[in-house]
Amino acid sequence: MADLTTKLGSLTLKNPVMTASGTFGYGVEYADFYPLSDLGAVVVKGICMNPSHGNPTPRVAEVSSGMLNAIGLQGPGVDKFLNGEQYLPFLRKSGATTIVNIWGKSIEEYAEVAAAMDGVDGIAALEVNISCPNVKEGGVAFGTDLKMANTVISKVRAATKLPLITKLSPNVTCIADFAKTVVDAGSDMVSLINTLSGMAIDIHTRKPKIANITGGLSGPAIKPVAIKMVHDVAKAVDVPVIGMGGIMTADDAIEFLLAGADAVAVGTAIFTDPHAPIKIIEGIDEYLERHGCNSVSEIIGQVNY
Amino acid sequence: MADLTTKLGSLTLKNPVMTASGTFGYGVEYADFYPLSDLGAVVVKGICMNPSHGNPTPRVAEVSSGMLNAIGLQGPGVDKFLNGEQYLPFLRKSGATTIVNIWGKSIEEYAEVAAAMDGVDGIAALEVNISCPNVKEGGVAFGTDLKMANTVISKVRAATKLPLITKLSPNVTCIADFAKTVVDAGSDMVSLINTLSGMAIDIHTRKPKIANITGGLSGPAIKPVAIKMVHDVAKAVDVPVIGMGGIMTADDAIEFLLAGADAVAVGTAIFTDPHAPIKIIEGIDEYLERHGCNSVSEIIGQVNY
Amino acid sequence: MPEVGEILKNEVLKGDYYKVVFYVPEICKNTKPGQFVHVKIANLRDRILRRPFSICDVDVETGELTVAYKIVGEGTKVLATLEVGTVCDLMGPLGVSFTPTKDDEFPVIVAGGYGSAATHILAKQCVTKGVLLLGARSEDDLILMDKFEEANFEVRLSTNDGSVGHQGLVTELVEQIIAENTDNKKLRFYGCGPTPMLMALGKMLEDKGYECELSLDHLMCCGVGACFACVVKVKANNEDGWRYARTCNEGPVFNSKDVYYG
Amino acid sequence: MPEVGEILKNEVLKGDYYKVVFYVPEICKNTKPGQFVHVKIANLRDRILRRPFSICDVDVETGELTVAYKIVGEGTKVLATLEVGTVCDLMGPLGVSFTPTKDDEFPVIVAGGYGSAATHILAKQCVTKGVLLLGARSEDDLILMDKFEEANFEVRLSTNDGSVGHQGLVTELVEQIIAENTDNKKLRFYGCGPTPMLMALGKMLEDKGYECELSLDHLMCCGVGACFACVVKVKANNEDGWRYARTCNEGPVFNSKDVYYG
Ligand SMILES: Cc1cc2nc3c(=O)[nH]c(=O)nc-3n(C[C@H](O)[C@H](O)[C@H](O)COP(=O)(O)OP(=O)(O)OC[C@H]3O[C@@H](n4cnc5c(N)ncnc54)[C@H](O)[C@@H]3O)c2cc1C
Ligand SMILES: Cc1cc2nc3c(=O)[nH]c(=O)nc-3n(C[C@H](O)[C@H](O)[C@H](O)COP(=O)(O)OP(=O)(O)OC[C@H]3O[C@@H](n4cnc5c(N)ncnc54)[C@H](O)[C@@H]3O)c2cc1C
Ligand SMILES: Cc1cc2nc3c(=O)[nH]c(=O)nc-3n(C[C@H](O)[C@H](O)[C@H](O)COP(=O)(O)O)c2cc1C
Ligand SMILES: Cc1cc2nc3c(=O)[nH]c(=O)nc-3n(C[C@H](O)[C@H](O)[C@H](O)COP(=O)(O)O)c2cc1C
Ligand code: FES
Ligand code: FES
């Protein structure tokens, strides 16, 4: 066993593999599959102030080596998340390291949600989603405008002492600029990539395959884009980087680590195989052993050219 | 047979299916497969002023449902292209409608190349590549900066009377803004998308799979992104739109037409099957017949929501 | 919960309908009527999502699980080509199940399309034998009638084109059954099929005050409640009067009184 | 030029090496030594590129084309699973061929890895019978020696690990052959194998002034000269002294004098 302990600033994970927000529910849905505490962290689906319906259906469409989704951040709202049995209290009991993904319809709401989470037992960090392409208000607007991104993160920073991860949108000309500005605003680290904006049309009905018209592309199709962006961002900022986008296997995860990610998140792959994160943890360990590495930190950013 | 005739401003094609630049060489390579004049148009690989070596190898890597390339615009240069037997003179003889893809290392070079093509017999239009992610100078720099894009196209516009197509980069926050600015600058139409920037790392050697480190992602993986961008751009500008990105089958091409493309280009699919463009022309015709359409124009932009 | 399932049989049932048998003893043991398996179809390399299929039959002794499927797209097309011995990964049994009838109830199963597959185990488990009302566009889409007859169910058919049985909608057969029920048997309804049919059925029975369970489904990703892809509207105590419920783990079977028809 | 090829045989040759036989009469008719086919491997749905393989043998009478391949990645792994009767799309024959020896020449084929497959037809077509110098890492990577013996070629082996034949580099066998040529036969060399080996061979023979053809290849996409993926450096009359030539249609076979070694 190589040492998989992963330090992301003040946050220490038992291994570098977490679940990507929105693909692992609130953890409870997978609790029968394996102990949630075996994961580096559980990142829950995006939480905003009030309960929200999400988008009309159909919300997903399958495409080559990937999928489009426009779930639209259906969720229970802060109160229910903090107190409802199947949400945070369950995660607390499970022993999982829990990262809460948050979003808001306004800058104020972002700060409000962050404040509500501050100091709550069982929350290890917040991931601020400024990059969801599937909600009308909030979401991506904050993630594709440098000034807005900086403002949102500054306000969230002021509202909480929790470690802050900013989740970046790939739908921009230069993602490294966004990484820099949110770090300037006080983000302790960054995670990327969220989904790429996409669309699919049913040529028989001539309707968009997703009721929301456009959706976010995830899965293996986006891996090369994600690797490139993680590589760019890791060079641009000095904070920990959490890489994701199309990770299906340990080999994929290792590719992100070599590109400069300090940890990774597994998303769509969970739909293919709920055990994917566990297999990936095991696979990383095997790779390290085979390459004579004592710890995962030895391969971070070690792409050579 | 439905009427496949496609009018793109002053340019009339026999059908809406062309080849994507860089994937069909200079036409001659596929002349034994079928008459080049059966295609809507042949778009040749990018031409700049002088012969150029292109990038070191490896230049390509395969990824899930797609490929990365960083050919780096290897080419013969203007003189040889215009006069060398296997280039334009061959295309002229073949009866193909020929569109020349051009690029330069500076704004001046773009204009120079355009001027050299002006009035040459056998050139139906120019496609100005301001979006190649794989060359150090020129290429993408012009395609990701609104002012630069406007300037390049203005200069090219002044240098030639040929119909001008501007090939847009998808690696931007809002591609519609780029479409608008190049149309303002005098581009008669736009084509999109060029490849998405991407990267892949061999986890055994830890080297980037492409010598250039990063490359451009093409193939089915990028189709949802391309459809969305074509949809956005078709709504934003009044000029003809040529759609491409991951078209493998007639169904894919029809999806682009429904999204708002007036014509399409087939790229990577040619590597899978050199006959793909011909099968796509046939498939579009069949679809139109089945849906009782007399002409291809009846389905352009007809996505309904 | 995921189980590796070897294909023991894979053959045409009728037209575009096929039947595949997997060897998955663990899943068989736990299956209740109306539940589904979530199948990673082998060889479908460019499609990453699983496909949900109702469990049509299980044999707890032999570990054989049967799915009846129709070829409708890429996944089912490839599934139909898989040879005996091929292995697929199955998750299951998943979802909320039907409640079989009790002694004093008379079961009426209303099914369309693959709905007969989803309700076959239910028919076998109902202690009182009842009737299957099976509707489809045409004769080609009616499957598994023999299986219901084996389970001692009366089978009545309807087709839109009149190619067999009653010409018209299956809900018209429901009205027939209700009209025929002069001795006031305690009818209990079960619906499984296309959403518009289920909505019509549920609303009609709600108005008439009958017990009814509907199997509502929608495009699925995770199959276990984590992604919120598969939702349908159910009644809720909020200002809108509805919320989106996940058909994969809050359903697919819902009490028709809980469904939001608005 | 593309031809649909049914698989007639697909079996292990040795270790990770396989041999597949396609029924492609048109391609067989036109094949010259050293050419390749560009194969769209069936069932490889998430990989869109074809794979190039040297044509190891053809039977013009029966329309059978043989490829010898090694499992090195996803594509070849899937190829090895394809059953007889599966159909793949083949383009070919592609590329520039070797020039077989004339009456007064003595052929020396220097091969590494699948290089013996790429030169087998050449050996059969040489009017004068010569020698095959076959090198590899170890015995496990030496294939098709029997085929060359059938073609009346003497076979000499070398392995890096000494597991069989000469321990060392195959180029050392070349020096041996040259040293042995005391009666001054007109030696003509052919090289096919890993690039470093070919570079060493080409440079050595250029210095010594022998005729030599090298089969140089690189990762390919289109296979017909359209994409410029597959290039290697050849000498050119420009300020750099070299240009990138496409191995798919300007090669894979190049005269060693044209190759740029700098
Ligand atoms: C709980 C549940 C139980 C099911 N049971 C059965 C069954 O017993 N037998 C059976 O044949 N089918 C059943 N289905 C439907 C089955 O899942 C789809 O037919 C299958 O996923 C289609 O896969 P494909 O790759 O062939 O089609 P795709 O290429 O993915 O799609 C083809 C067409 O089918 C539609 N489609 C895709 N998935 C679904 C879906 N989940 N529900 C409805 N339409 C869909 C698509 O919108 C598209 O129009 C069930 C679905 C659910 C949710
Ligand atoms: C003209 C030509 C003739 C060839 N003849 C033969 C032959 O007769 N028998 C044989 O076994 N192989 C031959 N090859 C190599 C063969 O094409 C590759 O082994 C095959 O494409 C690998 O496919 P894959 O999907 O299994 O591997 P991938 O998963 O694509 O790659 C696995 C590994 O193989 C390497 N690789 C991939 N393609 C090539 C390639 N074209 N050349 C060299 N390395 C490659 C990759 O870099 C990677 O390291 C030939 C190649 C060329 C260009
Ligand atoms: C169904 C679905 C729902 C998602 N919901 C969220 C979300 O609530 N918040 C968020 O930040 N990202 C969300 N994402 C994005 C993922 O967390 C992840 O960034 C993206 O899918 C890329 O990773 P992948 O390719 O491994 O899935 C969602 C993705 C999917 C597929
Ligand atoms: C190997 C290769 C070379 C290319 N060369 C060029 C080029 O010279 N000029 C250009 O404008 N686009 C070039 N492109 C981009 C294509 O024209 C096209 O925009 C892109 O590949 C998306 O379409 P596709 O998915 O159908 O391939 C190239 C693409 C590939 C794969
Ligand atoms: S399919 Fe994921 S919640 Fe139902
Ligand atoms: S493989 Fe395309 S030019 Fe050689």
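Residues numbered from 1 in each chain as written. Chains lettered and ligands numbered in written order. Predicted model: local features only at pLDDT ≥ 70, side-chain atom pairs only at ≥ 80, totals over all residues. Heavy atoms only, no water.

Draft legend 1. Seen up close, the overall build of chain C. The secondary structure content of chain C amounts to six helices and 16 strands. The C-alpha atoms of chain C give 18 Å as radius of gyration, which agrees with the globular expectation for 262 residues (18 Å, within 12%). With the principal axes as the frame, chain C shows a C-alpha extent of 50 × 45 × 35 Å. Every one of the 262 residues in chain C was classed for burial, and the buried ones make up 57%. Within chain C, contacts between residues at least 6 apart in sequence are counted, and of these 60% link residues at least 24 apart. For chain C, the exposed surface amounts to about 10,600 Å²; the carbon and sulfur share of it is 47%. Of the charged side chains in chain C, 28 are positive and 37 negative, and the gap between their average positions amounts to 4 Å. (Helix = DSSP H or I, 4+ residues; strand = E, 2+ residues; numbered from the N terminus. Rg over C-alpha atoms; globule rule 2.2 N^0.38 Å. Buried < 20%, exposed > 50% of the residue type's maximum accessible area, 1.4 Å probe, protein only. Contact = heavy atoms within 4.5 Å. Areas by Shrake-Rupley, 256 points an atom, 1.4 Å probe, with all protein chains shown as cover. Lys, Arg positive; Asp, Glu negative; His and termini not counted. Charge placed at Lys NZ, Arg CZ, Asp CG, Glu CD.)

Draft legend 2. View of the interface of chain D and chain B. Listed as interface residues are 27 residues of chain D and, on the opposing side, 34 residues of chain B. Here chain D packs against chain B, burying approximately 2,500 Å² in sum over the two surfaces, 64% of which is carbon and sulfur. Of all residues in chain D, the largest losses of buried area upon contact with chain B belong to Ile48, Phe228 and Tyr244 of chain D, amounting jointly to 28% of the total for that side. At the surface where chain D touches chain B, the tally comes to two salt bridges. (Buried area = accessible area lost by both parts, 1.4 Å probe. Salt bridge = Lys/Arg side-chain N within 4 Å of Asp/Glu carboxyl O.)

Draft legend 3. Seen up close, the site of ligand 2. Residues and elements named next belong to chain D. As a matter of local geometry, ligand 2 sits amid 18 residues, with Pro52, Ala68, Lys70, Gly75 and Thr76 nearest to it. Take Glu74: an N or O atom from its main chain is 3.3 Å from an oxygen atom of ligand 2. Here Thr76 contributes a side-chain N or O atom positioned 2.5 Å from an oxygen atom of ligand 2. Protein contacts shield 76% of the accessible area of ligand 2, which totals 840 Å² for the unbound molecule. Top contributing element to the shell around ligand 2 by residue count: strand 4 (residues 51-54), with four residues. (Near = heavy atom within 4 Å. Polar contact = N/O pair within 3.5 Å; in protein donor to acceptor, adjacent residues only side chain to side chain.)

Draft legend 4. Molecular detail of the domain arrangement of chain C. Residues and elements named next belong to chain C. What the domain assignment lists for chain C is domain 1 (2-94) and domain 2 (105-258). For domain 1 and domain 2, the distance between their C-alpha centres works out to 22 Å. Counting residues at the interface gives 19 residues for domain 1 and 23 residues for domain 2. Together, the buried faces of domain 1 and domain 2 total about 1,800 Å²; carbon and sulfur atoms form 63% of this surface. Of all residues in domain 1, Lys14, Tyr17 and Pro33 bury the most surface against domain 2, accounting for 29% of the area lost on that side. There are two salt bridges connecting domain 1 and domain 2. The partner of Asp57 in a salt bridge is Lys124, and the shortest N-O contact between them spans 2.7 Å. One can count seven residue pairs in polar contact (both at pLDDT 80 or more) joining domain 1 with domain 2. (Domains from an automatic or database assignment.)

Draft legend 5. Quick peek at the site of ligand 3. All names here are of chain A. Around ligand 3, 23 residues are found, and the nearest of them are Ser21, Lys167, Gly219, Gly246 and Thr268. Relative to its unbound accessible surface of 600 Å², ligand 3 loses 98% to contact with the protein. A per-class count over the shell around ligand 3 returns six nonpolar, 15 polar and two charged. (Nonpolar A, V, L, I, M, F, W, Y, C, P; charged D, E, K, R; others polar.)

Draft legend 6. Inspection of the packing of helix 5 (residues 146-159) of chain A against helix 6 (residues 175-184) of chain A at higher detail. Residue and element names in this part refer to chain A. At their nearest, the axes of helix 5 and helix 6 sit 8 Å apart, and the two run at 30° to each other. Relative to helix 6, helix 5 is oriented roughly parallel. In this structure, the crossing between helix 5 and helix 6 has a hand that is right-handed. Residues Leu146, Ala149, Asn150 and Ile153 of helix 5 pack against Asp177, Phe178, Thr181, Val182 and Asp184 of helix 6. Residue composition of the contact of helix 5 with helix 6, by class: five nonpolar, two polar and two charged. (Axes fitted to C-alpha atoms, helices over the stretch in contact; angles between N-to-C directions. Parallel < 35°, antiparallel > 145°, perpendicular 65-115°, else oblique. Left-handed = near helix turned anticlockwise from the far one by under 90°.)

Draft legend 7. Highlighting the interface of chain B and chain A. On the chain A side, the residues contacting the 44 residues of chain B number 44 residues. Taken over both partners, the interface formed by chain B and chain A buries close to 3,700 Å², and the fraction arising from carbon and sulfur atoms is 66%. When the buried area of chain B at its contact with chain A is split by residue, Met199, Ile203 and Arg206 of chain B rank highest and sum to 21% of it. Summed over the shared surface of chain B and chain A, the number is zero salt bridges. When residues of the side of chain B that touches chain A are traced back to their parent elements, those giving at least two are strand 11 (196-199), strand 12 (214-218), helix 7 (223-236), helix 8 (250-259) and helix 10 (276-290) of chain B.

Draft legend 8. Geometry of the side chain of Thr160 of chain A. Residues and elements named next belong to chain A. Topologically, Thr160 is positioned in the loop between helix 5 and strand 9 (164-167). Among the polar contacts listed, one links the side chain of Thr160 to the side chain of Asp118, at a separation of 2.9 Å. The contacts of Thr160, once residues within four sequence positions are left out, are Ala114, Asp118 and Leu126.

Draft legend 9. Up close: the relation of the copies chain B and chain A. Expressed as a screw operation, the relation of chain B to chain A combines 0.0 Å of axial shift with a rotation of 180°, fitting to an RMSD of 0.0 Å. The transformation just described matches what one would write down for a two-fold rotation axis. (Least-squares fit on C-alpha atoms with pLDDT ≥ 70 in both.)

Draft legend 10. The arrangement of the packing of aromatic side chains in detail. Enumeration over the complete set of coordinates arrives at 28 aromatic pairs over all chains. Consider the rings of Tyr110 of chain A and Phe142 of chain A, whose centres lie 5.2 Å apart with planes at 80°: the pair is edge-to-face. Within this pair, whereas Tyr110 of chain A is found in helix 3 (residues 107-117), its partner Phe142 of chain A is found in helix 4 (residues 140-143), the two being separated by 32 residues in sequence. Taken as a pair, Tyr110 of chain A and Phe142 of chain A share a single burial class, namely buried. Judged by centre distance (4.6 Å) and plane angle (10°), the ring pair of Phe24 of chain B and Tyr30 of chain B falls under stacked. Tyr30 of chain B shares its class with Phe24 of chain B; the two are buried. Through pairs of rings, three or more aromatic residues link up here, namely Tyr26, Phe81 and Tyr87 of chain A together with Phe228 of chain C. Lying over the aromatic face of Phe106 of chain D, Lys185 of chain D brings its terminal NZ or CZ to 4.1 Å of the ring centre. Over the ring of Trp242 of chain D we find Lys233 of chain D, and its NZ or CZ is 4.3 Å from the ring centre. (Phe/Tyr/Trp six-rings, centres within 6.5 Å; stacked < 30°, edge-to-face > 60°. Lys NZ or Arg CZ within 6 Å of the ring centre and 35° of its normal.)

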